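The chain contents come next:
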Amino acid sequence: MNSNNPFFKNKAFTNTSRVEDTVHEAKVIDYNQTMSVSGTINKSFLMLILLVASAAITWTMSFNGQNPMIIAIGGAIVGFVLVLIATFKPQYSTFLAPGYAIFEGLFIGGISAIFEVMYPGIVIQAVSCTFVTFMVCFGLYKYEIVKVTEKFRSVVIAATLAIATYYLISWLLSMFTSFQRVDQGNSWMSIGISVFVIVIAALNLFLDFDQIEKGVQQKMPKYMEWYSAMGLMITLVWLYIEFLRLLSKISSRD
């Protein structure tokens, strides 16, 4: 009988005939080599520590009068490449996930420093909003107030892809034309769009929680802890950046 888990192709049971009786040999799964909730949580915290530590580098550079943007942009590019590799090769997440946290941290530190100079106090506000949103979403998921159904998943993924497509097309158009994005500026429409994007980013947290839970239930390999932690970190980074943008729009109206 073959395991239904796509990550485990070994035989679970093998019948072996003997002279007087039949002995059933079973290959025991080592649960230390399968994904767990505690393991995923620990790796998520480790990634957060790495991200904050690397963010401190470009943050410090900025306030010491140095220009961190080359390092920050380089970090964002490398982080994006690592995400793409992990998407197709999740078995390498053990190395890719910590790398993503380090390089993405360089970008986060640089961009945070820029916003902090323009709007003092905005970084701590964005961090607080991100943390509160995470805890609220976690509570709603834990107590099954919000359940991840196939319809819920489809809507969130479709909305996320639509936002990503809009950002990509707008960025390309702005590079070669005089196109002005409707989400720029501090108009009420721009603020409304930012709120909508934050809501979608927050809903992605439910998908992350569900992925972790299902991974544990399906006894996925240990490296999926890193993969799931990486997915959670990507969502939190996105949420944090969107809070920075929203708060900067609101602050600029004062």
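Please refer to the structure placed before this passage.
To keep things clear, this report deals only with the structure shown in the data block. Each chain carries its own residue numbering, running from 1 in the written order of its sequence. pLDDT decides what is reported in this predicted model: residues at 70 or higher carry local features, side-chain atom pairs at 80 or more are listed and counted, and totals for whole chains, interfaces and linings draw on all residues regardless. Calculation of side-chain values draws on the structure's entire complement of heavy atoms; hydrogens and water are dropped beforehand.

Further remarks concern the pattern of salt bridges. Think of a salt bridge as a Lys or Arg side-chain nitrogen and an Asp or Glu carboxyl oxygen that are within 4 Å of each other. One pass over the full model with this rule turns up six salt bridges. Measuring nitrogen to oxygen at the nearest pair gives 2.7 Å for the salt bridge that ties Glu225 to Lys43. Of this pair, Glu225 sits in helix H7 (residues 223-252) while Lys43 sits in helix H1 (residues 37-63); the two residues are 182 residues apart in sequence, bridging distant segments of the chain. The rule is simple: take the accessible area with a 1.4 Å probe, protein chains only, and divide by the maximum for that residue type; under 20% is buried, over 50% is exposed, in between is partly exposed. On the basis of relative accessibility, which here comes to 0%, the residue Glu225 falls in the buried class. Residues joined by salt bridges that share partners form a network here, namely Lys43, Lys222 and Glu225. Numbering of helices and strands runs from the N terminus; a helix is a DSSP stretch of H or I covering at least four residues, while a strand is a stretch of E covering at least two.

With 26 residues, helix H3 (residues 93-118) extends 36 Å from end C-alpha to end C-alpha; this agrees with the ideal 38 Å at 1.5 Å per step. Among the 26 residues of H3, 19 are classified as buried, and the element is accordingly described as predominantly covered. Here a helix's expected span is defined as the number of its residues, less one, multiplied by 1.5 Å.

Glancing now at the packing of aromatic side chains. Stacked, edge-to-face and tilted are the three classes for Phe, Tyr and Trp ring pairs, Trp counted by its six-membered ring, which pair at centre distances within 6.5 Å; planes under 30 degrees apart are stacked, over 60 edge-to-face, the rest tilted. Applying the stated rule across the entire model yields seven aromatic pairs. Seen in terms of ring centroids, Phe134 and Phe138 are 6.4 Å apart; in terms of plane orientation they differ by 10°. Their pairing is stacked. Separated by four residues within a single helix, Phe134 and Phe138 lie in helix H4 (residues 122-142), roughly one turn from each other. A residue is classified by how much of its surface remains accessible, and Phe138, at 36% relative accessible area, is partly exposed. Judged by centre distance (5.7 Å) and plane angle (70°), the rings of Phe134 and Phe209 are edge-to-face.

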